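Structural description and commentary
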Amino acid sequence: MLLQLPVSLKWRNHHHQSSAAIICSLSKKGQRLLSSIDSAGGDSTISHRLIRKFVASSSKSVALNTLSHLLSSDIRHYSSLALPMYEWITEASWFEWNPKLVSTVIASLENQGQFDVSEKLISDSVQKLASQERELVQFYCNLIDSYSKYGSRRGVFDSYSRLKKGKLLSGSSSLSRQAYESMVNGLCTLDLPHDAEEMMEKMRIEGFKPSDFEFRSVVLAYGRIGLLNEMRRVIEEMENSGYTLDTISSNIVLSSYGANRELSEMVLWIKKMKSSNIRFSVRTYNSVLNSCPTIMAMLKEPEFLPLSIEELIDNVKKVEGLLVQELIDGSSVLLENMKWDSIEGKLDLHGMHLGTAYVIMLEWMEELKSRFRGGDSVVVPAEITVVCGLGKHSSVIGKSPIKALVSEMMVRLKSPMRIGRKNDVGSFVAKGKAVRDWLCPAVSNETDARVATRALK
């Protein structure tokens, strides 16, 4: 028997603009479903019939992917269809009950004001897991996580109260720790780091040492709401508790400074990372460069972008220039994303935001010049590739901002690199020698002269 969701939600005409972000990473079949629902003009009977047919004819991955997008949609019309889709999914032969999935559905329903239906799902889930303590704790932890992501303080504290009422925090130490961990993270997601610290103190009283995960969550929450002194205090406490600062923690601090436009503090923090031998990552670059207003403004007009590191530094504010210089000096991020041998030289830009891809491209060209000037022993790959991707995760599907940026740079620099054929349209490709001749024409002429001299001898 399927739960009945009251049909009181009417179609809204302003959905078109914001629906792009929902549709962009759906499967083509999922996109067709949403288009069909749009065409139904808000008729719930037609929409529910379309969903039933969709689930019946879809694979597990396609159905769950589409449900995920309905659950995460901020468009009321779409999110209201998550429950009927979930109900039909539970009827599928491949369906297996999943605490994380049902908790997300519950939080979504409460977010829509469907309290009776969400409470019914909670009750059914608790009854299903009544004799399975570990699974029941996991369910409540998933609820805390889901409620926090939907911004429901009531849901988070209510789930914690149910845990305590059911005496589930007095069981095995691993279950209690898991519950405390979920609460700390949930409170931080709700931007309640003071409450999260109080929960950490309860952990200590119960004999649990907060992990680096809890500390990071609190650091991130304080940084996100702009309480940077508190953030620094917790970082110090974290170190005093025996945890060594690593790349993840450092990236959290950098993103917090960046969100609050504390660029000078970012410079100091990057210096600290270097002195502590904390490696940079692509996310380090993303966090730093996304926080540079001049560079971000430049990227909106790629036809005027500086095309060398030196020119870039000269054309931005001093503190942004310092950030760029500190990033690239001694960083291994470029080399970690490069492949180089006699067969292929490849640069992979996956995971990089626009500013990062831009700076890495500038670094990459300088690195190639240095390698090509290595003399007779230099390795020139048969083919050189820059992988940009197809824009599957872009705001508009198939429109890759990074690909457009690289294309503009290659055109302006009169590069021999061209978009790959058929199965490689997300890459720029050229013969290795053509790239060498482009970047180092003098080296190319010297090489040709040596070859000619040897031929004459």
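Residues numbered from 1 in each chain as written. Predicted model: local features only at pLDDT ≥ 70, side-chain atom pairs only at ≥ 80, totals over all residues. Heavy atoms only, no water.

1. A closer look at the UniProt feature "repeat: PPR" (unreviewed entry) in the protein
In the UniProt entry, the feature "repeat: PPR" (unreviewed entry) is given for residues 176-210 and 211-245. With 77% helix and 0% strand, residues 176-210 has its two end C-alpha atoms placed 12 Å apart. A helix fraction of 74% and a strand fraction of 0% characterise residues 211-245, whose end C-alpha atoms lie 13 Å from each other. (UniProt positions renumbered as here; feature names shortened; annotations may be inferred. Helix = DSSP H or I, 4+ residues; strand = E, 2+ residues; numbered from the N terminus.)

2. As for the environment of Val 105
Relative to the helices and strands, Val 105 is located in helix H8 (residues 99-111). Along the primary structure Val 105 and Ser 79 are separated by 26 residues, whereas in three dimensions their C-alpha atoms are 9.7 Å apart. Discounting chain neighbours no more than four positions away, the residues touching Val 105 are Leu 71, Leu 83, Tyr 86 and Leu 121. (Contact = heavy atoms within 4.5 Å.)

3. Description of the pairing of strand E3 (residues 383-387)
Along any regular strand the residues' side chains alternate between the sheet's two faces. The element E3 is largely enclosed, with a buried count of four among its five residues. Where strand E2 (residues 344-348) meets E3, five bridges bridge the pair, whose relative direction is parallel. Its bridge partner lying in E3, Glu 344 is registered against Glu 383. Direction of pairing for E3 relative to strand E5 (residues 427-431): antiparallel, over a ladder of five bridges. Across the sheet, Thr 385 pairs through a bridge with Val 429, a residue of E5. (Buried < 20%, exposed > 50% of the residue type's maximum accessible area, 1.4 Å probe, protein only. Pairing = 2+ DSSP bridges.)

4. With respect to the sheet that holds E5
If you walk across this open sheet you meet the five strands as E1-E2-E3-E5-E4, and the pairing is mixed. In the strand order of this sheet, the two ends are held by strand E1 (338-340) and strand E4 (418-419), each with one partner.

5. So, unusual backbone geometry
In this model, Asn 277 sits at a positive phi of 55°, which is unusual for a non-glycine residue. What makes Asn 277 exposed here is its relative accessible area of 72%. Notably, Lys 414 is not glycine yet its phi reads approximately 55°, a positive angle. Mapped onto the elements, Lys 414 comes out in the loop between helix H24 (401-412) and E4.

6. Quick notes on the confidence of the model for the protein
Put simply, the protein has an average pLDDT of 86, and 88% of its residues get 70 or more. Across residues 1-24, where pLDDT falls below 50, the model places 43 contacts with residues more than four positions away in sequence or in other chains. Scored below 50 in pLDDT, residues 393-397 makes ten contacts in the model with residues more than four places away or belonging to other chains. (pLDDT = per-residue confidence, 0-100.)

7. Considering the pairing of E2
In this sheet, E2 lies alongside E1 in antiparallel orientation, the contact comprising three bridges. By the bridge assignment for E2, Lys 339 is matched with Lys 346. With antiparallel pairing between neighbouring strands as the criterion, E1 and E2 make up a hairpin whose turn holds three residues.

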